[in-house]
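The chain contents come next:
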Amino acid sequence: MPDVPVWPKCNINCLFCSNPAEGYRESQDDYTFEVFAKKWSNYLKGKVSYYKFNQVDDFISLTGGEPTIHPDFFKILGFLRKSWPDRDIKLMTNARVFRYEDFAKKCLRLGGRNFEIYTPLCGYNAKTHEAITRTPGSFDDTYQGIKNVLKFKTSTQKIGIRIILNKLQMPALKKMVQFINREFSGIDGVDLIFIELEGIASKNAGVLKMSMKECALEIERIRPFLEKLPRFSLFHFPVCVLPKGLWSYTWRTLDPKKVIYADVCKKCKMADYCVGIHRSYVKEFGLKDFKAFETMPKVVISSNKYHPIVGL
Ligand code: SF4
């Protein structure tokens, strides 16, 4: 699943954004259609084109900035779909432009089969959402954008919601889950993603950072509400910081270069099924939260390398 950055600029300004704090947004010349096509062609030839997951080819994630505001976004999407007719294309978008029905319909048509959209949501109303996006009007746009995708998508297309877990987000979490269940019938599910304190987010670490254990306890507390969703997943959590009841929800979705397996992990029987510890977390909190499993707990293991623990 190579992460393919499409466009560096963005039309919101999230406190938790992990894009570089300086220089990246101004680098549009490196993201023209021609540069995109050249990198893609190199990738297909087996050359290193992308920073994250370059070596994987099961699906592709389109990221940014905000991909949909690229001046040639439709040209890029059509080009990719022609190049990869059957494989999954996942679009990471704040969905603001999907508030326009014509845009939503055209994007879904070009995306075709096996096209998935993932949208970050930061609140259950304008006040809570925009306290984090710092962009007036962004809640109404994203809300309507998600509604339009749900209205026009086909049965082979999906839309999921992503919540970036950080200290500012946690007080609204339970109400957000209830809001999603109530408002977005047909949603594929919700990914709860522990914050990566990199780039812009690292500049805001003072207000965003929280320990993984503290975060996991709150998730466990509201698990009955999460289990009412069609699906929920936890990203970026090592197994040992989670209460047992959450183990089967955790996925291994970080590029290996972003994580470390510390000395404590060397004797851990769960290491093969654990995502590892994000480097930015170690910088802020050290290693005190992590504890090896010295004997293998009873778990059901799947063959899915991204989702190895599927039951207890
Ligand atoms: S000790 Fe290391 S490998 Fe084991 S669960 Fe914790 S972080 Fe993962």
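Because the structure is a prediction, the values reported are computed rather than measured.

A. Fine view of the site of the ligand. Within the structure, the ligand sits among P238, C240, C265, C268, A271, C274, I277, K291, A292 and F293. Among the cavities detected, the one that contains the ligand is the largest cavity. Looking at the shell around the ligand residue by residue, the class counts come to nine nonpolar, no polar and one charged.

B. Structural view of helix α5 (residues 138-152). The end-to-end C-alpha distance of α5 is 21 Å, a good match for the 21 Å that 15 residues give at a rise of 1.5 Å each. Listed as buried for α5 are S138, F139, D141, T142, G145, I146, N148, V149 and L150.

C. Inspection of the packing of helix α4 (residues 126-133) against α5 at higher detail. Here α4 crosses α5 at 110 degrees, and the two axes come no closer than 8 Å. Here α4 is positioned roughly perpendicular relative to α5, judged by the angle of their axes. Each of A126, H129, E130 and T133 in α4 lies in contact with α5, whose residues at this interface are S138, F139, D140 and T142. Along the lines of polarity and charge, the residues of the contact of α4 with α5 split into two nonpolar, four polar and two charged.

D. Spatial organisation of the environment of Y261. When you line up the elements, Y261 lands in the loop between β9 (259-260) and α11 (263-266). Between the C-alpha atom of Y261 and that of H278, which follows or precedes it by 17 residues, the distance is 9.1 Å. Contact partners of Y261, with chain neighbours within four places excluded, come to R252, A271, C274, V275 and G276. Among the polar contacts listed, one links the side chain of Y261 to the backbone oxygen of C274, at a separation of 2.8 Å.

E. Spatial organisation of the packing of helix α2 (residues 73-83) against helix α3 (residues 101-111). Contact geometry of α2 with α3 gives a least axis separation of 8 Å together with a crossing angle of 20 degrees. By the criterion of interaxial angle, the relationship of α2 to α3 is roughly parallel. Along its contact with α2, which presents F73, F74, L77, G78 and R81, the element α3 presents F103, K106, C107, L110 and G111. Among the residues making up the contact of α2 with α3, the classes are represented as six nonpolar, two polar and two charged.

F. Representation of the pattern of salt bridges. Inspection of the entire model under this criterion finds 21 salt bridges. Across the pair D141 and R99 runs a salt bridge, and its minimum N-O distance is 3.4 Å. With a gap of 42 residues between them, D141 in helix α5 and R99 in the loop between β3 (88-92) and α3 connect regions that are remote in the sequence. Taking the relative accessible area as the measure of exposure, R99 reaches 28% and is therefore partly exposed. Ionic pairing is found between E183 and R182, a salt bridge with its closest N-O pair at 3.8 Å. What makes E183 partly exposed here is its relative accessible area of 22%. Several salt bridges converge on common partners, so that one network encompasses R162, D188, D191 and R231.

Procedures and definitions
- Residues numbered from 1 in each chain as written.
- Predicted model: local features only at pLDDT ≥ 70, side-chain atom pairs only at ≥ 80, totals over all residues.
- Heavy atoms only, no water.
- Near = heavy atom within 4 Å.
- 1 Å grid on protein atoms, 1.4 Å probe; cavity = no way out; pocket = protein on both sides within 12 Å on 5 of 7 lines; lining within 4 Å.
- Sits in = over half its atoms within 2 Å of the grid points.
- Nonpolar A, V, L, I, M, F, W, Y, C, P; charged D, E, K, R; others polar.
- Helix = DSSP H or I, 4+ residues; strand = E, 2+ residues; numbered from the N terminus.
- Expected span 1.5 Å × (residues − 1).
- Buried < 20%, exposed > 50% of the residue type's maximum accessible area, 1.4 Å probe, protein only.
- Axes fitted to C-alpha atoms, helices over the stretch in contact; angles between N-to-C directions.
- Parallel < 35°, antiparallel > 145°, perpendicular 65-115°, else oblique.
- Contact = heavy atoms within 4.5 Å.
- Polar contact = N/O pair within 3.5 Å; in protein donor to acceptor, adjacent residues only side chain to side chain.
- Salt bridge = Lys/Arg side-chain N within 4 Å of Asp/Glu carboxyl O.

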